Amino acid sequence: MSKNSVPRVGFVSLGCPKAASDAESILTRLRAEGYEVASQYDGADLVVVNTCGFIDAAVEESLDAIGEALAENGKVIVTGCLGAKKDGDGRGIVEQVHPKVLAVTGPHATEEVMTAVHQYLPKPHDPFTDLVPPQGVRLTPDHYAYLKISEGCNHRCSFCIIPSLRGDLVSRPIHDVLREAETLVNAGVNELLVISQDTSAYGVDVKYRTGFVEGRPVKTKLYDLCRELSQLDVWVRLHYVYPYPSVDDIIPLMADGLILPYLDVPFQHANPRILKAMKRPANAENNLERIRRWREICPDITIRSTFITGFPGETEAEFEELLQFLDEAKLDRVGAFAYSPVEGATANELPGALPDEVREERKRRLMEFQEDISTQRLEEKIGREIVVIVDQIDPEEGAICRSEGDAPEIDGLVIVPEGGEMEVGKFYQVRVTDCDVHDLYAEPVWAEE
């Protein structure tokens, strides 16, 4: 144990925002029980590595991180999606590659992680629970936070193994979600990023059960959740929103300024045959028509999406159909992944596997095609006044901000060279002066006053 007799735990967190939310829960418990969180391997009594196991690159990164922690510290507990991943014989991937780890758990396993920590590093006899702020320990900056509303997923997309790692959909009680949101806002958070595996499906598993919030009946449903969150007077941003018809009901809330006019919708492809092979929910929906209606209701809506190129059996004509969809949809932000066979995914058994170079070449073509569209969408904002939130102040670049259409770490920035006097986490009115492929440039409105 460390010289000051207070047990110290190192923490490495990899993967998506859902994994980060799991990490925050573990860190909060560690602090609540009196453990200190070490910033370096050699200052820790043991290390917890929170892993990702979705695609091959993430698996490799996680295994490397575990190996580094073992080499630098020697005592390692593994949690997260890779911890739940097995080979064809049912043997754990982590245990095979790194047999010296102390314990392995899957995702969303705070209790199991804490049990392992207690076994190898007993908690202090008199923990000071007041060491933990009401909002818990977070990995994000003080001014924004992820709000996870459910765990798991009911879909069985053929390229995905998330349900086998995280299980079926389990929606959090709406009063718990709203209580956490209020606590975060009271602690100074100005932007809530709503996340889950399938945000649109919130409440499906409990048949939209009615909960009670401060004595008021509120349904466990995304629309009702958004309406309640809008009362907190902060930015509310929705991620991982599948294009179900029910999403149409939320767009008027955006048009009225109650939640951010922003949708992160994982369309994945445009060709009906490929979508069916992917076993995507809402694969029969007319998404172009849906996007058109959304923009009619809320002209300023920002739509971002992700797509997979080179899915097994994808023909050149079907890929061209995807490019045509992008041309017509005029999405604001797009990310793309070349199809990667994930061990355990049923898509691996589909005929027509494409060579790596074809998958990557189509990804490159898609991103180059989308660049012009994204740039045009940004150019339309030049001359307009918009509201931004400040993420950081850079001595050379000025204020590094984001607009309503920019989620942290995945979308663009709004750079305000004359914004050195702005404050991190605050909202400001700026005028857009220029843009490049990804970012906007602006001047503070006060500069003319």
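Rules and cut-offs
- Residues numbered from 1 in each chain as written.
- Predicted model: local features only at pLDDT ≥ 70, side-chain atom pairs only at ≥ 80, totals over all residues.
- Heavy atoms only, no water.
- pLDDT = per-residue confidence, 0-100.
- Contact = heavy atoms within 4.5 Å.
- Helix = DSSP H or I, 4+ residues; strand = E, 2+ residues; numbered from the N terminus.
- Core = buried A, V, L, I, M, F, W, Y, C linked by side-chain atoms within 4.5 Å.
- Buried < 20%, exposed > 50% of the residue type's maximum accessible area, 1.4 Å probe, protein only.
- 1 Å grid on protein atoms, 1.4 Å probe; cavity = no way out; pocket = protein on both sides within 12 Å on 5 of 7 lines; lining within 4 Å.
- Points joined across faces, edges and corners; volume = space filled by probe spheres on them.
- Nonpolar A, V, L, I, M, F, W, Y, C, P; charged D, E, K, R; others polar.
- Pairing = 2+ DSSP bridges.
- Axes fitted to C-alpha atoms, helices over the stretch in contact; angles between N-to-C directions.
- Arc of directions from axis to C-beta.
- Polar contact = N/O pair within 3.5 Å; in protein donor to acceptor, adjacent residues only side chain to side chain.
- Parallel < 35°, antiparallel > 145°, perpendicular 65-115°, else oblique.
- Left-handed = near helix turned anticlockwise from the far one by under 90°.
- Phe/Tyr/Trp six-rings, centres within 6.5 Å; stacked < 30°, edge-to-face > 60°.

## With respect to the confidence of the model for the protein
Part 1 of the argument: In this model, the protein carries a mean pLDDT of 89, and residues with pLDDT of at least 70 account for 94%.
Part 2 of the argument: Taken as a whole, residues 126-131 scores under 50 in pLDDT and shows seven contacts with residues more than four places along the chain or in a different chain.

## Regarding the environment of G92
Part 1 of the argument: For G92, the position within the fold is in the loop between β4 (76-80) and α3 (93-97).
Part 2 of the argument: Between the C-alpha atoms of G92 and P122, which are 30 residues apart in sequence, the distance is 26 Å.
Part 3 of the argument: Discounting residues that sit within four places of it in the chain, G92 has contacts with K85 and K86.

## Quick word on the environment of L263
Part 1 of the argument: Structurally, the position occupied by L263 is in strand β13 (residues 262-264).
Part 2 of the argument: Between the C-alpha atoms of L263 and S25, which are 238 residues apart in sequence, the distance is 26 Å.
Part 3 of the argument: Not counting residues up to four positions away in its chain, the partners in contact with L263 are L238, V241, V247, I251, M254, W294, I301, T302, I303 and R304.

## What to know about the nonpolar core
Part 1 of the argument: In this structure, L263 and L331 are the most contacted members of the largest nonpolar core, which totals 50 residues.
Part 2 of the argument: Excluding its chain neighbours within four sequence positions, the residues that come into contact with L331 are F267, I291, R295, I303, S305, F307, F325, L326, Q370, I373, S374 and R377.
Part 3 of the argument: In terms of nonpolar packing, the next biggest core, distinct from the first, is built from 18 residues, V12, V49, I66 and L82 among them.

## Side note on empty space enclosed by the protein
Part 1 of the argument: In total, this model carries two cavities of 30 Å³ or more according to the counting rule given.
Part 2 of the argument: Of the volumes computed, that of the largest cavity is approximately 80 Å³.
Part 3 of the argument: What lines the largest cavity is simply S200, Y202, Y208, K221, L222, Y223, S246, V247 and I250.
Part 4 of the argument: Considering only residue class, the lining of the largest cavity consists of six nonpolar, two polar and one charged.

## Observations regarding the sheet that holds strand β18 (residues 414-416)
Part 1 of the argument: An order of β16-β17-β18-β20-β19 is seen for the five strands of this closed barrel, with the pairing classed as mixed. Neighbour-to-neighbour, the strand axes of this sheet turn through a mean angle of 50°, independent of strand direction.
Part 2 of the argument: Judged from the six bridges that link them, strand β16 (residues 385-394) and strand β17 (residues 398-403) form a sheet pairing that is antiparallel. Opposite Q392, over in β17, you have I400 as the bridge partner.

## A look at helix α10 (residues 287-297)
Part 1 of the argument: The set of residues buried in α10 consists of N287, R290, I291, W294 and R295. Relative to the axis of α10, the buried residues are bounded by an arc of 135° and lie together on one face.
Part 2 of the argument: The secondary structure elements touched by the buried residues of α10 are α8 (251-255), β13, β14 (302-309), α11 (316-329) and α12 (356-379).
Part 3 of the argument: Measuring from the side-chain oxygen of the N-cap residue of α10 to the backbone nitrogen of L288 gives 3.4 Å; that N-cap residue is N286.

## Regarding the sheet that holds strand β1 (residues 8-13)
Part 1 of the argument: If you walk across this open sheet you meet the five strands as β2-β1-β3-β4-β5, and the pairing is parallel. One side of each edge strand has no neighbouring strand; the edge strands of this open sheet are β2 (36-38) and β5 (103-104).
Part 2 of the argument: Bridge analysis of β4 against β5 gives two bridges, and the strand direction is parallel. Note on β5: the bridge partner recorded for I77 is A103.

## A few points about the packing of α10 against α11
Part 1 of the argument: Running from N to C, α10 and α11 point in directions that differ by 15°, and their axes come no closer than 10 Å. Accordingly, the angle class assigned to the pair α10 and α11 is roughly parallel. Read as a crossing pair, α10 and α11 show a hand that is right-handed. Residues N287, L288, I291 and R295 of α10 lie in contact with α11, whose contacting residues are F325, E328 and A329.
Part 2 of the argument: Class assignment for the residues of the contact of α10 with α11 results in four nonpolar, one polar and two charged.

## Brief notes about the packing of helix α6 (residues 174-186) against helix α7 (residues 222-229)
Part 1 of the argument: It is the contact of α6 with α7, at a shortest axis distance of 11 Å, that shows an interaxial angle of 25°. Classified by the angle between their axes, α6 and α7 sit roughly parallel to one another. The two elements α6 and α7 meet at a crossing, and its hand is right-handed. Side by side, α6 and α7 meet where I174, V177, L178 and A181 of the first sit next to L225, E228 and L229 of the second.
Part 2 of the argument: The residue makeup of the contact of α6 with α7, split by class, is six nonpolar, no polar and one charged.

## Quick notes on the packing of aromatic side chains
Part 1 of the argument: Considering all chains together, one arrives at seven aromatic pairs under this definition.
Part 2 of the argument: Taking 5.7 Å as the distance between ring centres and 70° as the angle between the ring planes, the aromatic pair formed by F267 and F325 counts as edge-to-face. Placement of F267 in the loop between β13 and α9 (272-278) and of F325 in helix α11 is noted, with a sequence separation of 58 residues between them.
Part 3 of the argument: Judged by relative accessible area, F267 falls into the buried class, the value being 4%.
Part 4 of the argument: Residue F325 is classed as buried on the basis of its relative accessible area, which comes to 7%.
Part 5 of the argument: Ring geometry for F307 and F325: centres 6.2 Å apart, planes at 65°, overall edge-to-face. With F307 in strand β14 and F325 in helix α11, the pair connects residues that are 18 residues apart, well separated along the chain.
Part 6 of the argument: Residue class for F307 comes out buried when judged on its relative accessible area of 0%.

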